[in-house]
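# Survey of secondary and tertiary structure
The lines below spell out each chain.
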Amino acid sequence: MKIIKGISGSPGVTIGKVFLWIKKEKDLNYKGDEAKKIWREAKEALKEELNNRLLDLSETERDLVNFYLLLLDDPTFEEFLFEKIDEGLDFKTAVEITTERFKKEFLNLDVYFKMRAQDIEALKEEIFRVVVGESYPSLEEPSILVSKEVTPWQLINIPKDKLLGIVSEKGGVLSHLSIIARNLNLPLLIGANVLEIKGGELAILDGEKGILILDPSSQEVEKYQRLYERYKILQKKAIEFKNYVPKKENGEKFFISGNIGNLEDAFLALEQGAMGIGLFRTEFLFLERNDPPSEEEQYEIYKKVGDLFLNYPVIIRTLDIGGDKNVPYIQFEREENPFLGLRGIRWSLYEKVLFKTQLKAILRASIGNNIHMMFPMVDLVEEVIEAKKLVKEAVEELEKEGKEYKIPPIGIMLETPISILNINRFADFVDFFSLGTNDLFQYTFAVDRTNEKVSYLYRPYHPAFWDLIKEAIDSAHKIGKWIGICGELGGDLRAFLLLYSLGIDEVSVAPLRIPILKLLSSKIAKVDVSFDSLQEDELLEVLDKHYQKIMEEIGS
Ligand code: PEP
Ligand code: MG
């Protein structure tokens, strides 16, 4: 068994043989007039191919094809290409340089235009394909198609009757490949290294976790077989529920929102029907670069995300580093126990400069939308008081600089048992709470989730743990505060039932999970359980029964 990691471009789970699509090496070194003739012929052939399909395409697909047609007919594209050919470059290099030049213009714009840049890249592949006369793979048995690059147009044209899912090295979550795969309800893994895949082996494509399991064990296959049947039906129906607005038992809105790490995720969350952002993990903006993002850079991103959702809350969590989250250009002093050391808000209060820059960016971005600010890993009221002092300092600096700002609602994450025990004490200092169950679990059970030797203790359904969650929800409501959850547990279907039953106000999950949760909430009913003396298997039995009932109502 071998696991290949990637990014989920489209959710769902599938099992089947791998069909490795190795594309022909393209030797396209035509020059001069011959190169121009090849271009004209390829252009006409491709236009004809695109036009022939135009009528039976979905709106998104048509949008893509119209963009291709526009570019193929753009005289400036051809002029630039011919200039390159006249300079003596061969056909392939000239097309590559031309598409690169057009791509660059789009790359400097917003995310949606970046998506267009990917389309230009993909169009280049279509031009080369037409010149060498390459055909689409025809699958003889149900298969997972794996290739270095599957372009959106190729996906549109590959017969779907035996296509179970796709793995492509190239592509982004907002690329047309991903959007079309989501519309087709086809699991897709992108950004996966396909070099080690032989082809012909059995594989499980888990578009939820973003992994491909090669040569799985029979137990894995059995486990996924069940999931597969369930997902096929659920996911198909879920697409219709993207815009559904769920209600809590008391009739108030039940928020299902998205966890994001960048602007691209925010667009994806919006597309999937998110009712706001429950967690913006801003530390991702600090990674993969050589220095921290400036106030201005952060402001631009926060403002865009805030404005994208306007009336729905966008919860921006301040930097959460330390523990296992390191930023390469920040020097961390060695700690014996990093998970119990300078993490989250503790680090921000210790190393105030970056924190204050971020606070200023959030304060400025909060004008005219519903941005909320949230501090991670808080234990005590004193930490909130200290952090708010820095908010005040940030305000004073902005005033001095003559910059406009708004102080947004301020909340904290509940990630340690002590923070939950302290909820009453937070009453006068915070506006809302969000349960970070990833950390809360490990700090409650004293279990490192990545340590196999103690994996038997990873028991998120232990009733005692749910007692703690219940206490958090009840205590927050008692002091009149809003409480959500942004840990992974919220996206687990059985946990989702329990959270709804306990009256939580919001569940925030990975964007692709949103439609399924909305579908579930359309048929959800409260489960009455008292965790007091319940054993874990008893709780799971109750939940399974309840879950089964909902499934029947949904019709799966
Ligand atoms: C959590 O701990 O549950 C959480 C959402 O924070 P992170 O996963 O970013 O640590
Ligand atoms: Mg956490």
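Before any of the text, the structure's been laid out above.
Residues numbered from 1 in each chain as written. Chains lettered and ligands numbered in written order. Predicted model: local features only at pLDDT ≥ 70, side-chain atom pairs only at ≥ 80, totals over all residues. Heavy atoms only, no water.

## Focus: the overall build of the chain
Formally: Runs of H or I in DSSP of at least four residues are treated as helices and runs of E of at least two as strands, each being numbered from the N terminus. What the globule rule says is 2.2 Å times the number of residues to the power 0.38, and the radius of gyration is computed from C-alpha atoms. Partly exposed describes any residue whose relative accessible area lies between the buried limit of under 20% and the exposed limit of over 50%, with all areas from a 1.4 Å probe on protein chains only and scaled to the type maximum. Note on areas: Shrake-Rupley with a 1.4 Å probe; residue coverage comes only from the protein chains shown. Under the convention used here, Asp and Glu are negative, Lys and Arg are positive, and both His and the chain ends fall outside the count. All charge positions are set by atom: Lys at NZ, Arg at CZ, Asp at CG, Glu at CD.
Helix and strand counts for the chain stand at 20 helices and 16 strands. Taking 24 Å as the expected radius of gyration for a compact globule of 556 residues, we find that the chain reaches 26 Å, a close match to that expectation. Principal-axis analysis of the C-alpha atoms gives the chain an extent of 80 × 60 × 45 Å. Across the 556 residues that make up the chain, the buried fraction comes to 55%. Accessible surface for the chain amounts to roughly 24,700 Å². Of this, 50% is attributable to carbon and sulfur atoms. Distance between charge centroids for the chain: 1 Å, based on 73 positive and 94 negative side chains.

## Some remarks on the layout of surface pockets
In this approach, a probe sized like a water molecule rolls over the atoms, and the result shows the empty space that is left. To be explicit about the condition: Using a 1 Å grid laid over the protein atoms alone, points where a 1.4 Å probe fits but cannot get out form a cavity; open sets with protein on both sides within 12 Å along at least 5 of 7 lines form a pocket; any residue with an atom within 4 Å of a point counts as lining. Grid points are joined across faces, edges and corners, and a volume is the space filled by probe spheres set on the points. Gly counts as polar in this scheme, as do all residues outside two lists: the nonpolar Ala, Val, Leu, Ile, Met, Phe, Trp, Tyr, Cys and Pro, and the charged Asp, Glu, Lys and Arg. Each domain's limits were defined by an automated method or a database of domain assignments.
There is about 540 Å³ of room inside the second largest pocket. Along its surface, the second largest pocket is lined by 19 residues, and K23, E25, E125, K148 and E149 are the ones closest to its centre. Here the element with the most residues in the lining of the second largest pocket is helix α5 (residues 111–132); it accounts for three residues. Each residue belonging to the lining of the second largest pocket can be placed in one class, and the counts come to six nonpolar, one polar and 12 charged. In terms of domain composition, the lining of the second largest pocket takes at least three residues from each of domain 1 (2–23 + 135–219) and domain 2 (32–132).

## Let's talk about helix α4 (residues 91–107)
The test is simple: Residue count minus one, scaled by 1.5 Å, sets the expected span of a helix. Note that the arc is defined by the directions from the helix axis to the C-beta atoms. Here a polar contact is recorded for every N or O atom pair within 3.5 Å, except that within protein the pair must consist of a potential hydrogen donor and a potential acceptor, and residues adjacent in sequence are included only if both atoms are side-chain atoms.
Here α4 contains 17 residues, and its C-alpha end-to-end distance of 24 Å stays within 8% of the 24 Å for a straight helix at 1.5 Å per residue. Of all the residues in α4, the buried ones are F91, A94, V95, T98, T99, F102, K103 and F106. Viewed end-on, α4 has its buried residues packed into an arc of 165 degrees, placing them on one side of the element. Among the residues of α4, the N-terminal cap falls to D90, whose side-chain oxygen and the backbone nitrogen of K92 are separated by 3.1 Å.

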